[in-house]
Amino acid sequence: MLTTLQTAYSDTRAADLAWALGREPLPALAVLDLDLAGATLQMRLLGASHQVLLEEDRGTCSETVACIPGSSTPLPLGVSKRLGEWEYEFAARVETLSEGSFAGRAQELLALVADHPQGLAGTFPGSPHAFTAMLAQRTEGQVRWRTWHAYPQEGQLVVTRTRVGVRTSAAAL
């Protein structure tokens, strides 16, 4: 699903993104609810990036990656945590692209997500390449999602990847 977010695009920077687990739902500009084989996943586009809410019999998970005033947790390159019966893994990277490469990559990502049944993307008015996009899937008992946050004024694309799944015991390895 592709939507135009009804908010002004502000000059935020990739470096201003923060990461948090366990936040309450924040006001969203666009929402996509998914049923992924027993797991309920809600992808939320915020004015300042994204939030994912996952609920399953084993528990809940709330991930927020956004420009949050006063947040003291910068965007980490990687996180691995235990959440009850789950393992949570998060990874982020920043791609810096030339203006032409950025425009092409933006078009490619928006085309990938726009018609995907488990995808949500929102573009900001005023800049055709300012967007946040998300894709989710469930495979082998794990829920995974990827996100892309575009900052055309910097030529930067922030890419995140998350995996949440049941912990495997050492004896099972």
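Residues numbered from 1 in each chain as written. Predicted model: local features only at pLDDT ≥ 70, side-chain atom pairs only at ≥ 80, totals over all residues. Heavy atoms only, no water.

Quick look at the packing of aromatic side chains
Within this structure, the stated rule accounts for two aromatic pairs. For the ring pair W19 and Y88, a centre distance of 6.3 Å and an interplane angle of 35 degrees mean the geometry is tilted. Here Y88 lies in strand 8 (residues 86-96) and W19 lies in strand 2 (residues 18-21), a separation of 69 residues in the sequence. Pair check on accessibility: W19 and Y88 agree, each one buried. Through pairs of rings, three or more aromatic residues link up here, namely W19, Y88 and F90. (Phe/Tyr/Trp six-rings, centres within 6.5 Å; stacked < 30°, edge-to-face > 60°. Helix = DSSP H or I, 4+ residues; strand = E, 2+ residues; numbered from the N terminus. Buried < 20%, exposed > 50% of the residue type's maximum accessible area, 1.4 Å probe, protein only.)

Section: the confidence of the model for the protein chain
When pLDDT is averaged along the protein chain, the result is 87; 92% of the residues meet or exceed 70. Mean pLDDT in the protein chain bottoms out at strand 1 (residues 2-4), which sits at 78, and peaks at strand 3 (residues 30-36), which reaches 95. (pLDDT = per-residue confidence, 0-100.)

Digging into unusual backbone geometry
In this model, A37 sits at a positive phi of 50 degrees, which is unusual for a non-glycine residue. Within the element layout of this structure, A37 appears in the loop between strand 3 and strand 4 (39-46). According to the relative accessible area criterion, A37 is exposed, its value standing at 68%. Positioned with a positive phi, E140 is a non-glycine residue whose angle comes to about 50 degrees. Checked against the element boundaries, E140 lands in the loop between strand 10 (131-139) and strand 11 (142-151).

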